Amino acid sequence: MCIGFPGKIISIDKDNYAVIDISGTRREVCLDIVDEPADVGDYVISHAGYAIHKIDVATAQDKLKLLQELIDNEIY
Amino acid sequence: MKYIDEYRDPALVAGLLTKIENAARQISHPVTIMEICGSHTYAIGRFGIRKLLPESIRLISGPGCPVCVTSAHDVDVALYLAGLDNVIFATFGDMLRVPGAGGDSLQKKRAAGADVRVVSSADECIELALANPQKEIVMMGIGFETTTPTIAAVVTACRRKDIQNFSVFSVHKIVPPAIKTLLADPLLNIDGFLCPGHVSTMIGTAAYQMIPDAGRAAVITGFEPVDILEGVWMLLQQIVSGNMEVAIQYSRGLRPEGNTRAMNLMQSVFETADAEWRGLGIIPASGLSLRNDFASFYTLKRFTLPDIKSSDISGCGCGDILRGIKLPNDCPLFKIVCTPMNPVGPCMVSSEGTCSTHYKYY
(Lines give C-alpha, C1' and ligand atoms only; values in the text may rest on other atoms or scores of the structure.)
Protein backbone atom coordinates (compact mmCIF):
# COMPACT_ATOMS: atom_id res chain seq x y z
CA MET A 1 0.00 0.00 0.00
CA CYS A 2 2.95 2.31 0.59
CA ILE A 3 3.52 2.41 -3.13
CA GLY A 4 5.33 5.50 -4.32
CA PHE A 5 6.52 6.53 -7.75
CA PRO A 6 9.05 9.06 -9.05
CA GLY A 7 7.85 11.78 -11.40
CA LYS A 8 8.96 15.12 -12.80
CA ILE A 9 7.10 18.29 -11.85
CA ILE A 10 5.61 19.92 -14.99
CA SER A 11 3.65 22.73 -13.37
CA ILE A 12 2.50 23.99 -9.96
CA ASP A 13 -0.80 25.86 -9.41
CA LYS A 14 -1.73 28.50 -6.85
CA ASP A 15 -3.16 25.88 -4.44
CA ASN A 16 0.22 24.10 -4.28
CA TYR A 17 -0.88 21.19 -6.49
CA ALA A 18 1.63 19.99 -9.07
CA VAL A 19 1.19 18.09 -12.30
CA ILE A 20 3.88 15.42 -12.47
CA ASP A 21 4.95 13.32 -15.42
CA ILE A 22 5.83 9.66 -15.01
CA SER A 23 7.01 8.53 -18.45
CA GLY A 24 4.12 10.21 -20.20
CA THR A 25 1.47 9.53 -17.58
CA ARG A 26 0.39 12.73 -15.86
CA ARG A 27 -0.95 12.89 -12.37
CA GLU A 28 -1.87 15.69 -10.01
CA VAL A 29 -0.24 15.64 -6.58
CA CYS A 30 -0.33 17.99 -3.62
CA LEU A 31 2.99 19.50 -2.49
CA ASP A 32 1.85 20.38 1.05
CA ILE A 33 3.85 17.63 2.83
CA VAL A 34 6.92 17.21 0.61
CA ASP A 35 10.13 17.23 2.67
CA GLU A 36 11.94 20.03 0.80
CA PRO A 37 10.69 22.88 -1.38
CA ALA A 38 10.15 21.48 -4.88
CA ASP A 39 10.01 23.39 -8.15
CA VAL A 40 9.10 22.78 -11.77
CA GLY A 41 11.70 20.37 -13.21
CA ASP A 42 12.40 18.62 -9.88
CA TYR A 43 11.70 14.92 -9.41
CA VAL A 44 9.52 13.92 -6.48
CA ILE A 45 8.35 10.59 -5.09
CA SER A 46 4.57 10.64 -4.66
CA HIS A 47 2.20 8.50 -2.64
CA ALA A 48 -1.62 8.58 -2.52
CA GLY A 49 -1.89 11.98 -4.18
CA TYR A 50 0.86 13.68 -2.20
CA ALA A 51 4.54 14.29 -3.01
CA ILE A 52 6.50 12.98 -0.02
CA HIS A 53 10.15 13.39 -1.06
CA LYS A 54 12.20 15.50 -3.42
CA ILE A 55 14.83 13.33 -5.09
CA ASP A 56 18.34 14.68 -4.75
CA VAL A 57 19.70 14.17 -8.26
CA ALA A 58 23.36 14.11 -7.18
CA THR A 59 22.72 11.51 -4.46
CA ALA A 60 20.87 9.26 -6.90
CA GLN A 61 23.60 9.51 -9.56
CA ASP A 62 26.48 9.01 -7.12
CA LYS A 63 24.85 5.91 -5.70
CA LEU A 64 24.38 4.27 -9.09
CA LYS A 65 27.92 5.17 -10.17
CA LEU A 66 29.37 3.74 -6.98
CA LEU A 67 27.42 0.54 -7.40
CA GLN A 68 28.58 0.20 -11.00
CA GLU A 69 32.19 0.72 -9.93
CA LEU A 70 31.91 -1.82 -7.14
CA ILE A 71 30.65 -4.37 -9.61
CA ASP A 72 33.08 -3.51 -12.42
CA ASN A 73 36.06 -3.66 -10.11
CA GLU A 74 34.80 -6.66 -8.17
CA ILE A 75 35.46 -4.85 -4.91
CA TYR A 76 33.72 -6.44 -1.94
CA MET B 1 11.34 5.74 -16.89
CA LYS B 2 13.83 7.84 -14.97
CA TYR B 3 14.66 6.52 -11.50
CA ILE B 4 13.03 3.20 -12.38
CA ASP B 5 14.71 1.69 -15.46
CA GLU B 6 18.25 2.17 -14.12
CA TYR B 7 17.30 -0.02 -11.20
CA ARG B 8 16.20 -2.86 -13.47
CA ASP B 9 19.53 -3.11 -15.30
CA PRO B 10 20.34 -6.83 -15.90
CA ALA B 11 24.12 -6.19 -15.70
CA LEU B 12 23.81 -4.63 -12.25
CA VAL B 13 21.53 -7.47 -11.16
CA ALA B 14 24.05 -10.08 -12.33
CA GLY B 15 26.90 -8.26 -10.57
CA LEU B 16 24.97 -8.03 -7.33
CA LEU B 17 24.06 -11.72 -7.46
CA THR B 18 27.76 -12.61 -7.66
CA LYS B 19 28.43 -10.41 -4.66
CA ILE B 20 25.56 -11.99 -2.74
CA GLU B 21 26.87 -15.49 -3.51
CA ASN B 22 30.35 -14.55 -2.33
CA ALA B 23 29.01 -13.02 0.88
CA ALA B 24 26.71 -16.00 1.55
CA ARG B 25 29.70 -18.35 1.31
CA GLN B 26 31.33 -16.51 4.18
CA ILE B 27 28.37 -17.22 6.47
CA SER B 28 28.31 -20.73 7.92
CA HIS B 29 24.60 -20.81 8.76
CA PRO B 30 21.37 -20.29 6.77
CA VAL B 31 20.27 -16.66 6.77
CA THR B 32 16.67 -15.54 7.33
CA ILE B 33 15.73 -12.09 6.06
CA MET B 34 12.32 -10.54 6.64
CA GLU B 35 10.88 -7.91 4.35
CA ILE B 36 8.49 -5.84 6.41
CA CYS B 37 6.81 -3.94 3.60
CA GLY B 38 4.00 -5.34 1.44
CA SER B 39 5.39 -3.50 -1.57
CA HIS B 40 8.62 -5.46 -1.07
CA THR B 41 6.67 -8.73 -0.86
CA TYR B 42 5.02 -7.89 -4.15
CA ALA B 43 8.26 -6.79 -5.88
CA ILE B 44 10.19 -9.86 -4.67
CA GLY B 45 7.47 -12.09 -6.13
CA ARG B 46 7.01 -10.15 -9.33
CA PHE B 47 10.74 -10.00 -10.16
CA GLY B 48 11.37 -13.63 -9.18
CA ILE B 49 14.03 -12.64 -6.68
CA ARG B 50 13.66 -15.64 -4.35
CA LYS B 51 14.72 -18.01 -7.12
CA LEU B 52 17.81 -15.93 -7.90
CA LEU B 53 19.22 -16.07 -4.39
CA PRO B 54 21.50 -18.80 -3.01
CA GLU B 55 19.64 -21.58 -1.19
CA SER B 56 21.08 -20.57 2.17
CA ILE B 57 19.20 -17.26 2.06
CA ARG B 58 15.55 -17.40 3.01
CA LEU B 59 13.28 -14.42 2.49
CA ILE B 60 10.14 -14.28 4.62
CA SER B 61 7.35 -11.74 4.58
CA GLY B 62 6.27 -9.73 7.59
CA PRO B 63 3.23 -7.72 8.69
CA GLY B 64 3.73 -4.90 6.20
CA CYS B 65 0.44 -4.86 4.34
CA PRO B 66 -1.92 -2.49 6.18
CA VAL B 67 -5.02 -4.16 4.78
CA CYS B 68 -3.80 -7.58 5.89
CA VAL B 69 -3.05 -6.57 9.48
CA THR B 70 -6.39 -4.80 9.99
CA SER B 71 -8.26 -6.77 12.63
CA ALA B 72 -11.47 -8.64 11.91
CA HIS B 73 -13.25 -6.26 14.29
CA ASP B 74 -12.07 -3.14 12.47
CA VAL B 75 -13.26 -4.66 9.18
CA ASP B 76 -16.67 -5.32 10.73
CA VAL B 77 -16.89 -1.75 12.05
CA ALA B 78 -16.07 -0.44 8.56
CA LEU B 79 -18.84 -2.61 7.13
CA TYR B 80 -21.30 -1.28 9.72
CA LEU B 81 -20.40 2.35 8.98
CA ALA B 82 -20.61 1.82 5.22
CA GLY B 83 -24.10 0.42 5.64
CA LEU B 84 -25.51 3.52 7.37
CA ASP B 85 -28.07 5.49 5.35
CA ASN B 86 -26.57 8.95 5.58
CA VAL B 87 -22.95 7.89 5.05
CA ILE B 88 -20.70 8.07 2.02
CA PHE B 89 -17.90 5.68 2.90
CA ALA B 90 -14.60 6.54 1.19
CA THR B 91 -11.79 4.01 1.05
CA PHE B 92 -8.61 3.15 -0.79
CA GLY B 93 -9.35 0.36 -3.26
CA ASP B 94 -7.26 -2.24 -1.40
CA MET B 95 -9.91 -2.48 1.31
CA LEU B 96 -12.87 -3.14 -0.97
CA ARG B 97 -12.79 -6.94 -1.03
CA VAL B 98 -11.52 -7.70 2.47
CA PRO B 99 -13.97 -10.17 3.99
CA GLY B 100 -15.58 -9.42 7.34
CA ALA B 101 -18.25 -11.21 9.33
CA GLY B 102 -20.13 -13.81 7.29
CA GLY B 103 -18.06 -13.12 4.16
CA ASP B 104 -19.51 -9.63 3.74
CA SER B 105 -17.24 -6.95 2.24
CA LEU B 106 -17.37 -3.28 1.25
CA GLN B 107 -17.76 -4.42 -2.35
CA LYS B 108 -20.80 -6.53 -1.44
CA LYS B 109 -22.20 -3.67 0.64
CA ARG B 110 -21.86 -1.40 -2.38
CA ALA B 111 -23.57 -3.93 -4.63
CA ALA B 112 -26.43 -4.01 -2.11
CA GLY B 113 -26.83 -0.24 -2.36
CA ALA B 114 -24.39 1.29 0.13
CA ASP B 115 -22.58 4.44 -1.04
CA VAL B 116 -18.96 3.25 -1.02
CA ARG B 117 -16.49 5.38 -2.98
CA VAL B 118 -12.97 4.31 -3.91
CA VAL B 119 -10.48 7.17 -3.69
CA SER B 120 -6.84 7.15 -4.77
CA SER B 121 -6.07 10.15 -2.56
CA ALA B 122 -7.76 11.14 0.68
CA ASP B 123 -8.07 14.72 -0.56
CA GLU B 124 -10.88 13.58 -2.87
CA CYS B 125 -12.94 13.57 0.34
CA ILE B 126 -12.84 17.38 0.43
CA GLU B 127 -14.75 17.56 -2.88
CA LEU B 128 -17.09 14.78 -1.74
CA ALA B 129 -17.87 16.66 1.48
CA LEU B 130 -18.51 19.97 -0.31
CA ALA B 131 -20.67 18.32 -2.97
CA ASN B 132 -22.75 16.34 -0.47
CA PRO B 133 -23.41 18.67 2.50
CA GLN B 134 -26.37 16.58 3.70
CA LYS B 135 -24.23 13.42 3.93
CA GLU B 136 -21.57 12.27 6.37
CA ILE B 137 -18.30 11.48 4.57
CA VAL B 138 -16.39 8.76 6.43
CA MET B 139 -12.86 8.04 5.23
CA MET B 140 -11.33 4.71 6.15
CA GLY B 141 -7.99 5.89 7.51
CA ILE B 142 -5.73 2.95 6.79
CA GLY B 143 -1.99 2.71 6.28
CA PHE B 144 1.35 3.22 7.94
CA GLU B 145 3.46 6.34 8.40
CA THR B 146 3.69 6.80 4.61
CA THR B 147 -0.06 7.32 4.28
CA THR B 148 -1.17 8.80 7.60
CA PRO B 149 0.31 12.28 6.99
CA THR B 150 -1.82 12.53 3.83
CA ILE B 151 -4.92 11.90 5.95
CA ALA B 152 -3.69 14.45 8.51
CA ALA B 153 -3.29 16.96 5.68
CA VAL B 154 -6.92 16.41 4.66
CA VAL B 155 -8.17 16.75 8.25
CA THR B 156 -6.37 20.08 8.68
CA ALA B 157 -7.59 21.25 5.25
CA CYS B 158 -11.18 20.43 6.28
CA ARG B 159 -10.74 22.43 9.47
CA ARG B 160 -9.40 25.39 7.46
CA LYS B 161 -12.35 25.16 5.08
CA ASP B 162 -14.82 24.70 7.96
CA ILE B 163 -16.04 21.39 6.52
CA GLN B 164 -18.20 19.72 9.17
CA ASN B 165 -19.41 16.55 7.50
CA PHE B 166 -16.09 14.70 7.22
CA SER B 167 -14.53 12.24 9.64
CA VAL B 168 -11.85 9.55 9.68
CA PHE B 169 -12.34 5.98 10.84
CA SER B 170 -8.70 5.53 11.80
CA VAL B 171 -7.16 2.07 11.78
CA HIS B 172 -3.76 3.63 11.07
CA LYS B 173 -0.77 1.84 12.54
CA ILE B 174 2.90 2.60 13.03
CA VAL B 175 5.66 0.19 12.09
CA PRO B 176 8.35 0.28 14.84
CA PRO B 177 6.21 -1.31 17.62
CA ALA B 178 5.43 -4.24 15.29
CA ILE B 179 9.14 -4.77 14.63
CA LYS B 180 9.73 -4.76 18.37
CA THR B 181 7.07 -7.47 18.75
CA LEU B 182 8.70 -9.56 16.00
CA LEU B 183 12.14 -9.20 17.60
CA ALA B 184 10.71 -10.57 20.86
CA ASP B 185 8.98 -13.56 19.20
CA PRO B 186 10.80 -16.76 20.22
CA LEU B 187 9.47 -18.60 17.14
CA LEU B 188 11.11 -16.13 14.81
CA ASN B 189 14.82 -16.07 14.25
CA ILE B 190 15.43 -13.23 11.87
CA ASP B 191 19.01 -12.33 10.97
CA GLY B 192 18.17 -9.13 9.14
CA PHE B 193 15.36 -6.86 8.04
CA LEU B 194 14.76 -5.20 4.69
CA CYS B 195 13.20 -2.06 6.15
CA PRO B 196 10.37 -0.36 4.24
CA GLY B 197 11.49 2.36 1.82
CA HIS B 198 8.59 4.77 1.90
CA VAL B 199 7.73 4.41 5.59
CA SER B 200 11.37 5.38 6.10
CA THR B 201 10.98 8.40 3.81
CA MET B 202 8.74 9.65 6.60
CA ILE B 203 10.23 8.28 9.82
CA GLY B 204 13.95 8.23 8.92
CA THR B 205 16.57 5.86 10.29
CA ALA B 206 16.48 6.43 14.06
CA ALA B 207 13.21 4.54 14.57
CA TYR B 208 14.90 1.24 13.62
CA GLN B 209 17.79 1.45 16.10
CA MET B 210 16.24 -1.38 18.16
CA ILE B 211 17.10 -3.79 15.31
CA PRO B 212 20.92 -3.44 15.52
CA ASP B 213 20.54 -3.12 19.31
CA ALA B 214 19.04 -6.63 19.21
CA GLY B 215 22.01 -7.85 17.18
CA ARG B 216 20.23 -7.97 13.82
CA ALA B 217 21.00 -6.28 10.54
CA ALA B 218 18.81 -3.52 9.05
CA VAL B 219 18.84 -1.95 5.60
CA ILE B 220 16.27 0.58 4.36
CA THR B 221 15.63 -0.64 0.85
CA GLY B 222 13.93 0.52 -2.36
CA PHE B 223 11.51 -1.42 -4.55
CA GLU B 224 13.24 -2.22 -7.83
CA PRO B 225 15.27 -5.42 -8.43
CA VAL B 226 18.64 -3.67 -8.08
CA ASP B 227 17.44 -2.04 -4.85
CA ILE B 228 16.27 -5.29 -3.30
CA LEU B 229 19.39 -7.26 -4.27
CA GLU B 230 21.67 -4.48 -3.05
CA GLY B 231 19.64 -4.42 0.18
CA VAL B 232 20.18 -8.18 0.62
CA TRP B 233 23.89 -7.78 -0.14
CA MET B 234 24.23 -4.96 2.41
CA LEU B 235 22.46 -7.12 5.03
CA LEU B 236 24.86 -9.99 4.36
CA GLN B 237 27.85 -7.65 4.72
CA GLN B 238 26.60 -6.63 8.16
CA ILE B 239 26.10 -10.27 9.15
CA VAL B 240 29.59 -11.22 7.92
CA SER B 241 31.29 -8.35 9.75
CA GLY B 242 29.10 -8.50 12.86
CA ASN B 243 28.74 -4.72 12.70
CA MET B 244 25.00 -4.20 12.80
CA GLU B 245 23.56 -0.81 11.95
CA VAL B 246 20.63 0.86 10.23
CA ALA B 247 22.01 1.30 6.71
CA ILE B 248 20.33 3.07 3.81
CA GLN B 249 20.25 1.43 0.39
CA TYR B 250 17.37 3.62 -0.86
CA SER B 251 19.31 6.88 -0.65
CA ARG B 252 17.34 8.51 -3.47
CA GLY B 253 14.12 7.96 -1.51
CA LEU B 254 14.81 9.46 1.90
CA ARG B 255 16.85 11.69 4.09
CA PRO B 256 18.24 10.07 7.26
CA GLU B 257 16.12 12.31 9.47
CA GLY B 258 12.96 11.47 7.50
CA ASN B 259 10.26 13.91 6.43
CA THR B 260 9.94 15.97 9.61
CA ARG B 261 7.34 18.25 8.06
CA ALA B 262 4.98 15.35 7.36
CA MET B 263 5.69 13.68 10.71
CA ASN B 264 4.99 16.90 12.64
CA LEU B 265 1.70 17.27 10.79
CA MET B 266 0.79 13.65 11.54
CA GLN B 267 1.61 14.10 15.22
CA SER B 268 -0.40 17.30 15.44
CA VAL B 269 -3.55 15.44 14.34
CA PHE B 270 -2.97 11.89 15.63
CA GLU B 271 -1.79 10.36 18.89
CA THR B 272 -0.74 6.80 19.57
CA ALA B 273 -3.20 4.28 20.98
CA ASP B 274 -3.16 0.54 21.53
CA ALA B 275 -4.14 -1.32 18.38
CA GLU B 276 -5.04 -4.86 17.43
CA TRP B 277 -3.04 -6.33 14.56
CA ARG B 278 -4.24 -9.45 12.80
CA GLY B 279 -1.70 -12.12 13.68
CA LEU B 280 0.18 -10.09 16.26
CA GLY B 281 -2.62 -9.28 18.71
CA ILE B 282 -2.85 -6.03 20.64
CA ILE B 283 0.39 -4.04 20.48
CA PRO B 284 0.61 -1.11 22.91
CA ALA B 285 0.91 2.36 21.34
CA SER B 286 1.03 0.95 17.81
CA GLY B 287 -2.14 2.55 16.44
CA LEU B 288 -3.14 6.14 15.78
CA SER B 289 -6.35 7.85 16.82
CA LEU B 290 -7.29 11.50 16.39
CA ARG B 291 -6.33 13.92 19.13
CA ASN B 292 -9.06 15.54 21.23
CA ASP B 293 -8.54 18.81 19.36
CA PHE B 294 -9.79 17.00 16.28
CA ALA B 295 -12.57 14.99 17.97
CA SER B 296 -15.20 16.29 15.53
CA PHE B 297 -13.24 14.61 12.70
CA TYR B 298 -13.04 11.31 14.56
CA THR B 299 -15.66 8.86 13.27
CA LEU B 300 -15.67 6.85 16.49
CA LYS B 301 -16.65 10.00 18.42
CA ARG B 302 -19.21 11.20 15.85
CA PHE B 303 -21.12 7.93 15.62
CA THR B 304 -22.47 5.66 18.32
CA LEU B 305 -21.52 2.12 17.46
CA PRO B 306 -23.48 -0.94 18.53
CA ASP B 307 -21.55 -3.72 20.26
CA ILE B 308 -20.04 -5.57 17.30
CA LYS B 309 -18.74 -9.04 18.08
CA SER B 310 -16.15 -10.25 15.60
CA SER B 311 -14.29 -13.48 15.22
CA ASP B 312 -11.33 -14.48 13.10
CA ILE B 313 -12.10 -16.50 10.01
CA SER B 314 -12.15 -20.20 10.82
CA GLY B 315 -9.18 -22.14 9.41
CA CYS B 316 -7.55 -19.03 7.93
CA GLY B 317 -3.78 -18.98 8.33
CA CYS B 318 -3.30 -15.23 7.77
CA GLY B 319 -2.35 -14.62 11.40
CA ASP B 320 0.66 -16.96 11.39
CA ILE B 321 1.58 -15.96 7.83
CA LEU B 322 1.74 -12.29 8.89
CA ARG B 323 4.16 -13.21 11.68
CA GLY B 324 6.35 -15.06 9.20
CA ILE B 325 6.05 -18.39 11.00
CA LYS B 326 3.98 -20.05 8.25
CA LEU B 327 4.05 -19.88 4.48
CA PRO B 328 0.84 -19.73 2.43
CA ASN B 329 1.34 -23.39 1.40
CA ASP B 330 1.05 -24.36 5.07
CA CYS B 331 -2.52 -23.00 5.18
CA PRO B 332 -5.18 -25.66 4.46
CA LEU B 333 -7.34 -23.10 2.64
CA PHE B 334 -4.61 -21.79 0.29
CA LYS B 335 -5.45 -22.36 -3.40
CA ILE B 336 -8.24 -24.77 -2.43
CA VAL B 337 -11.01 -22.55 -1.15
CA CYS B 338 -9.00 -19.32 -0.84
CA THR B 339 -8.04 -17.77 -4.20
CA PRO B 340 -7.64 -14.20 -5.50
CA MET B 341 -11.09 -14.45 -7.13
CA ASN B 342 -12.64 -15.75 -3.93
CA PRO B 343 -10.45 -14.64 -1.03
CA VAL B 344 -11.16 -16.00 2.45
CA GLY B 345 -8.47 -14.08 4.32
CA PRO B 346 -7.03 -10.59 3.80
CA CYS B 347 -3.56 -11.80 2.70
CA MET B 348 -5.24 -13.15 -0.44
CA VAL B 349 -7.12 -9.90 -1.11
CA SER B 350 -4.45 -7.27 -1.36
CA SER B 351 -2.06 -7.53 -4.30
CA GLU B 352 0.66 -7.00 -1.69
CA GLY B 353 -0.63 -9.78 0.53
CA THR B 354 1.72 -12.72 1.01
CA CYS B 355 -0.90 -15.25 -0.14
CA SER B 356 -1.85 -13.29 -3.24
CA THR B 357 1.82 -12.91 -4.18
CA HIS B 358 2.51 -16.61 -3.63
CA TYR B 359 -0.59 -17.56 -5.63
CA LYS B 360 0.55 -15.46 -8.56
CA TYR B 361 4.30 -15.97 -8.62
CA TYR B 362 5.29 -19.27 -6.96
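Residues numbered from 1 in each chain as written. Chains lettered and ligands numbered in written order. Predicted model: local features only at pLDDT ≥ 70, side-chain atom pairs only at ≥ 80, totals over all residues.

**Q** Whenever I open this one, the packing of helix α1 (residues 10–25) of chain B against helix α12 (residues 225–241) of chain B confuses me. Can you help?
**A** The relative placement of two packed helices comes down to the angle between their axes together with the axis-to-axis distance. Residues and elements named next belong to chain B. Packing of α1 against α12 leaves a shortest axis separation of 9 Å and a crossing angle of 20°. Our classification of the angle between α1 and α12 gives roughly parallel. In this structure, α1 meets α12 at a crossing whose hand is left-handed. Residues Leu12, Val13, Leu16, Leu17, Lys19, Ile20, Ala23 and Ala24 of α1 form the contact with α12, whose own contacting residues are Pro225, Val226, Leu229, Glu230, Val232, Trp233, Leu236, Gln237 and Val240. Of the residues contributing to the contact of α1 with α12, the split by class is 14 nonpolar, one polar and two charged. (Axes fitted to C-alpha atoms, helices over the stretch in contact; angles between N-to-C directions. Helix = DSSP H or I, 4+ residues; strand = E, 2+ residues; numbered from the N terminus. Parallel < 35°, antiparallel > 145°, perpendicular 65-115°, else oblique. Left-handed = near helix turned anticlockwise from the far one by under 90°. Contact = placed C-beta atoms within 7 Å. Nonpolar A, V, L, I, M, F, W, Y, C, P; charged D, E, K, R; others polar.)

**Q** Help me understand the sheet that holds strand β5 (residues 136–141) of chain B, please; the structure alone is not making it clear to me.
**A** Two strands in a sheet stick together by hydrogen bonds in their backbones, pointing the same way (parallel) or opposite ways (antiparallel). All names here are of chain B. Taken in spatial order, the four strands of this open sheet run β4-β3-β5-β6, and their pairing is parallel. A single partner strand is all that each edge strand has here, and the edge strands are β4 (115–118) and β6 (166–170). Put simply, the sheet's adjacent strands are angled 25° from each other on average, direction ignored. Bridge analysis of β5 against β6 gives five bridges, and the strand direction is parallel. By the bridge assignment, Gly141 is partnered in β6 with Ser170. The strands that helix α5 (residues 72–82) touches are β3 (87–91), β4, β5 and β6; relative to β3, the one it contacts most, it runs at about 140°. (Pairing = 2+ DSSP bridges.)

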